[in-house]
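The lines below spell out each chain.
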Amino acid sequence: MTRSRKTLEREKMKVWQKVLLCWLFFSASTSLLAVKMQDRQWFSLKNGNVSFELPTNWQAKKNLLGMPLMILGPKKKESRITIGVIPTGIPLSKWNPKELGQKKHRDYYFKSKKKFLEKINGKIIKILPYKKEKWTNTKEVHSIGHRYAVNSITFVERVYYVSCDKKVFQMKGLYKEKDYRAGDKKIETVLQSFNCKMGGL
């Protein structure tokens, strides 16, 4: 991993950590951008335009907690499923997805997560290994993640690196494990509906 790539990863990690800290106590309502079931919505973002099909009572908010686009599942008490979306602007030609499966990348990823969780009295429970996936509109998706506990509550985090229109997009699913079960895995349906478009809408 080059120095510039490490710098980029550290910057992204700071964003994700801010999101996590806020998300753990997130209860404020947000403005609704998309609610109709299976109604595709496009969002104009820096470095790329993205779209998703959102189930009823799911929301999407731009520039929330420093995230270009945040997708929010229905609020349940003081928590909800979240999906953060970052158009990295990295050309596909300059990205090597095989790095995600390499030991040095896995060690870097989990070391940074462990260090952060120790600050909030959390711990990693299980590593979710690297895997290559295929979504409806995207042929190449690579992911890595982990399950962890904070204050006796189990969370699941999985980071996705998605190639679309010759660019790399990063997405992160974060949720309480019990919310995932109760949500009937809708997060997977939302993620796999992802599509992108370079240029104007």
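Going by the structure above, here's the rest.
What you are looking at is a predicted structure, and each value in this text was computed from that prediction instead of being measured.

Trainee: Looking at this structure, I do not really get the overall build of the protein chain. What am I missing?
Mentor: In terms of regular secondary structure, the protein chain is built from 4 helices and 10 strands. From first element to last, N terminus to C terminus, the protein chain shows the α and β order α-β-β-β-β-β-α-β-β-β-β-α-α-β. Within the protein chain, buried positions represent 48% of all 201 residues. Sequence-distant contacts in the protein chain: of pairs separated by 6 or more residues, those separated by 24 or more amount to 56%. Roughly 10600 Å² of accessible area belongs to the protein chain as shown, and the carbon and sulfur atoms make up 51% of that amount.

Trainee: I would appreciate a short explanation of the sheet that holds strand β1 (residues 39-45) in the present structure.
Mentor: Sheet strands line up and pair through hydrogen bonds in the backbone, either parallel or antiparallel. Here we have 3 strands laid out as an open sheet, ordered β1-β2-β10, and antiparallel in their pairing. Bordering the open sheet on either side are β1 and β10 (195-197), each of which pairs with just one other strand. In this sheet, adjacent strand axes meet at a mean angle of 25° when their direction is disregarded. Bridge analysis of strand β2 (residues 48-54) against β10 gives 3 bridges, and the strand direction is antiparallel. Looking at β10, one finds that V50 is bridged to C196.

Trainee: Just to check I follow, could you spell out the environment of E140 for this structure?
Mentor: In this structure, E140 sits in the loop between β6 (122-133) and β7 (141-150). Relative accessible area serves as the criterion here: at 23%, E140 is assigned to the partly exposed category. Once the C-alpha coordinates of E140 and Y161 are considered, the two residues, 21 residues apart in sequence, prove to be 8.5 Å apart. Among residues more than four places away in sequence, those in contact with E140 are P97, K132, E133, Y161, V162 and S163. Engagement of the side chain of E140 in a polar contact is seen with the side chain of H142, the distance being 2.9 Å.

Conventions we followed
Residues numbered from 1 in each chain as written. Predicted model: local features only at pLDDT ≥ 70, side-chain atom pairs only at ≥ 80, totals over all residues. Heavy atoms only, no water. Helix = DSSP H or I, 4+ residues; strand = E, 2+ residues; numbered from the N terminus. Buried < 20%, exposed > 50% of the residue type's maximum accessible area, 1.4 Å probe, protein only. Contact = heavy atoms within 4.5 Å. Areas by Shrake-Rupley, 256 points an atom, 1.4 Å probe, with all protein chains shown as cover. Pairing = 2+ DSSP bridges. Axes fitted to C-alpha atoms, helices over the stretch in contact; angles between N-to-C directions. Polar contact = N/O pair within 3.5 Å; in protein donor to acceptor, adjacent residues only side chain to side chain.

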